[in-house]
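Here is what each chain is made of, one letter per residue.
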Amino acid sequence: MTETILLGLDGATWEVLDPLAEKGHLPNIRSLASESYTADLKSIYPPTSGPAWVSMATGMNPGKTGVYYFLNRVDPETFDFQPVDRADFEGRSFWDVLNENGKSAGIFNFPVLSPPYEIDGYMISGFGADTDDGFAYPEELEEKLHSLAGGEYQTKIPFSDPKFLDRPHELAETLQTHLDGREAAIKYLLEQRPTDVFCGVVSATDWIQHYYWKYADESHSQYDPTAEEVNQLFYELWERVDELVGTVAEIADRRDARLLLISDHGFGPFEGTFYVNEWLRKEGFYQYTDSSIGTKVVRSLFPHLRRVAEPIVQQVPIFNDVAKSLGKSLKPSPTDRVDQSESAACATNKGFIHLLPESDVERSTVVDRLSSRLEAEGLDYSIYAPEDLYSGKNVHTAPDILFTIEDFEFALQAGSPADGEIFSQEPPSPNRSGGHKRDGILLVSNTEAADEERERASLLSVTPTVLHMNDVAVPEEVDGNVLPVARSSDDDVSYRDYGFHERDVDGGEGEEIREHLQDLGYV
């Protein structure tokens, strides 16, 4: 019954997969790639999992979906932000279109899709979902998923937690167990609950690269060639992912289904950090809500408290939750600390700077000062206006200034630095030595292999391609095109005006999602 299987490997890039495959670590992926169409899959800007998966599912850029990051600005007149959930993005997802055309869909572990809603098939929420209750439709699947996961189905492994600081073996063991549960769940769903189209996302590939990049990249400033046993963990974890891919490929072959391997973005090293709100504060554009002497003293002590606490948590991980809670109370999110009456600008992670329209500060003023500072530091950078990157009715909700440094190799952090410096020549934290880049992966099985030089496709083309493969008309509003590998000529693609689409669903639990974001270091 299953015609198409999409397997998402969050953050996967051919720059990692090709060398690992050549060394024999990824026999299944190498075999698939040798007999399939492959391409670099260009992500949205900036390459961030939440909005990228939403754009993939709809085929539309963030200017149409209205999702730019994990946090959405509630009102352009304020600096109030809320976590994004499934009620916040606009446009039809491919599973909505499939259902409207009489085809069923199985959606597994999809980010920014919480809580799930009723569809013809099933829907299992991914990152941000409350796994204690209400993360699967139909609800009966929840007990089964807990069982397949070995007791508790999880949508995140908080690799940024103090308990994993300099404990790569402990994290590797946790990730291996997590991947065991993911493979068991995907196998069960494909074999026992078949649908016309299946889409499952493996998030662990993103976490692996965030944490272990410095252990695998010999050019990274923090690479230690003497730590061979630790460096090997990166390869072992990818070998486990390859086994999962092999299981899915075997089922696809047995069902004569077309398999697509995709990723939402690529990956690369973090070699430095720019603390954007700290720079805005020193330029006079940003002000903390509480600047009292007492508050300043407490926050100034935070780095010292952290240095004392981290070794204790490493030895006694049970204190992890206490340490996290203390850290959040002493150092809350910058978007929670901004004095909206005294600030003209506020930044979230990923190089997003938001301005208040009523402020006397012009966008050009902030851009000019930012350019001058980055040039003074000798850094390569790019600065964009929303209309440079996006199109659609929601462009007005985009950040006012978007920028990147050294082709995404500098982390752009909203939080405050431990030492008060604006720039650091180190990653944002010891647990995040790798960061997102734009080129992900695309592999389409049951097709002729591409030429020796890989093509570059758009993430926005995945949804129209999948719909066309399943003989379903593509919504007229999509930005992506049906890939040539899936069609015989330009004129055989059918488009349709499906009309306005509104999800008759309520949003998820904002605080639950915010906690997930904090656990992974995204806010």
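Residues numbered from 1 in each chain as written. Predicted model: local features only at pLDDT ≥ 70, side-chain atom pairs only at ≥ 80, totals over all residues. Heavy atoms only, no water.

Next up on the list: the packing of aromatic side chains. Counted according to the given criterion, the structure contains 22 aromatic pairs. Note on Y69 and F352: the rings are 6.1 Å apart at their centroids and 85° apart in plane angle, and the pair reads as edge-to-face. Of this pair, Y69 sits in the loop between α4 (62-65) and β3 (71-73) while F352 sits in strand β13 (residues 352-355), and the two are 283 residues apart along the sequence. Overall, Y69 belongs to the buried group, its relative accessible area being 2%. Look at F352 and you get buried, because its relative accessible area is 2%. Taken together, a centroid distance of 5.1 Å and an interplanar angle of 5° make the contact between F135 and Y153 stacked. One end of the pair, F135, is in the loop between β6 (121-125) and β7 (136-137); the other, Y153, is in the loop between α6 (141-148) and α7 (168-192), and 18 residues separate them in sequence. (Phe/Tyr/Trp six-rings, centres within 6.5 Å; stacked < 30°, edge-to-face > 60°. Helix = DSSP H or I, 4+ residues; strand = E, 2+ residues; numbered from the N terminus. Buried < 20%, exposed > 50% of the residue type's maximum accessible area, 1.4 Å probe, protein only.)

It is worth spelling out the environment of E362 at this point. Its location among the elements puts E362 in the loop between β13 and α14 (363-376). The spatial distance from the C-alpha of E362 to the C-alpha of A344 is 9.2 Å, given a sequence separation of 18 residues.

All right, on to the nonpolar core then. Ranked by internal contacts, the top residues of the largest apolar core, which has 88 residues, are W95 and F274. No other element matches helix α3 (residues 49-58), which puts five residues into this core. Other than its neighbours up to four places away in sequence, W95 contacts A57, A105, I107, F110, L113, Y117, I119 and M123. Ranked by size, the runner-up nonpolar core spans 62 residues in total, among them W14, L179, V230 and I251. (Core = buried A, V, L, I, M, F, W, Y, C linked by side-chain atoms within 4.5 Å. Contact = heavy atoms within 4.5 Å.)

Moving on, we come to the sheet that holds strand β11 (residues 272-275). The three strands lie next to each other as β16-β11-β17, forming an open sheet whose pairing is mixed. At either margin of the open sheet sits one strand with a lone partner, and together these are β16 (410-413) and β17 (423-424). (Pairing = 2+ DSSP bridges.)

Here H354 is to be found in strand β13. Assessed through its relative accessible area of 4%, H354 is described here as buried. Each residue touching H354, except ones within four places of it in the same chain, is listed here: R73, F79, F81, A344, A345, C346, T348, P399 and D400.

Looking now at the packing of α6 against α7. At a minimum axis distance of 8 Å, the contact between α6 and α7 shows a crossing angle of 135°. As summarised for this structure, α6 and α7 are arranged oblique, according to the angle between their axes. Of the two possible hands of crossing, α6 and α7 adopt the one that is right-handed. Residues L141, K144, L145 and L148 of α6 form the contact with α7, whose participating residues are G181, A184, A185, Y188 and L189. Class assignment of the residues belonging to the contact of α6 with α7 gives a composition of seven nonpolar, one polar and one charged. (Axes fitted to C-alpha atoms, helices over the stretch in contact; angles between N-to-C directions. Parallel < 35°, antiparallel > 145°, perpendicular 65-115°, else oblique. Left-handed = near helix turned anticlockwise from the far one by under 90°. Nonpolar A, V, L, I, M, F, W, Y, C, P; charged D, E, K, R; others polar.)

Pairing is possible between side chains that carry opposite charge, provided their charged atoms lie close to one another. Here the structure, examined in full by the defined rule, presents 21 salt bridges. For R92, the salt bridge is made with E100, and the minimal N-O distance between the two is 2.7 Å. A salt bridge links R240 to E243; the nearest nitrogen and oxygen atoms lie 3.5 Å apart. Of this pair, R240 and E243 both sit in helix α9 (residues 228-255), three residues apart, which is roughly one turn of the helix. (Salt bridge = Lys/Arg side-chain N within 4 Å of Asp/Glu carboxyl O.)

So, on to the sheet that holds β13. Pairing between the strands of a sheet comes from backbone hydrogen bonds, and it takes one of two forms, parallel or antiparallel. If you walk across this open sheet you meet the four strands as β12-β13-β15-β14, and the pairing is antiparallel. What marks the edges here is a single partner per strand, and that holds for β12 (345-348) and β14 (381-384). Going from strand to strand, the sheet's axes swing by 20° on average, the running direction of each strand aside. Across four bridges, the pairing between β14 and strand β15 (residues 401-405) is antiparallel. Bridged to Y381 within β15 is I405. Packed on one face of the sheet, α14 meets β13, β14 and β15 and runs near 175° to β14.

Restricting attention to buried positions, one finds in helix α1 (residues 14-22) the residues W14, V16, L17, L20 and A21. Each buried residue of α1 lies within a common arc of 160° when the element is viewed along its axis, so the set occupies one face. Across α1 from its buried face, at more than 90 degrees, point the exposed residues E15 and E22. Two or three places before E15, at the opening of α1, T13 has a side-chain oxygen 3.1 Å from that residue's backbone nitrogen. Positioned one or two residues after α1, G24 has a phi angle of 90°, which is positive. (Arc of directions from axis to C-beta. Polar contact = N/O pair within 3.5 Å; in protein donor to acceptor, adjacent residues only side chain to side chain.)

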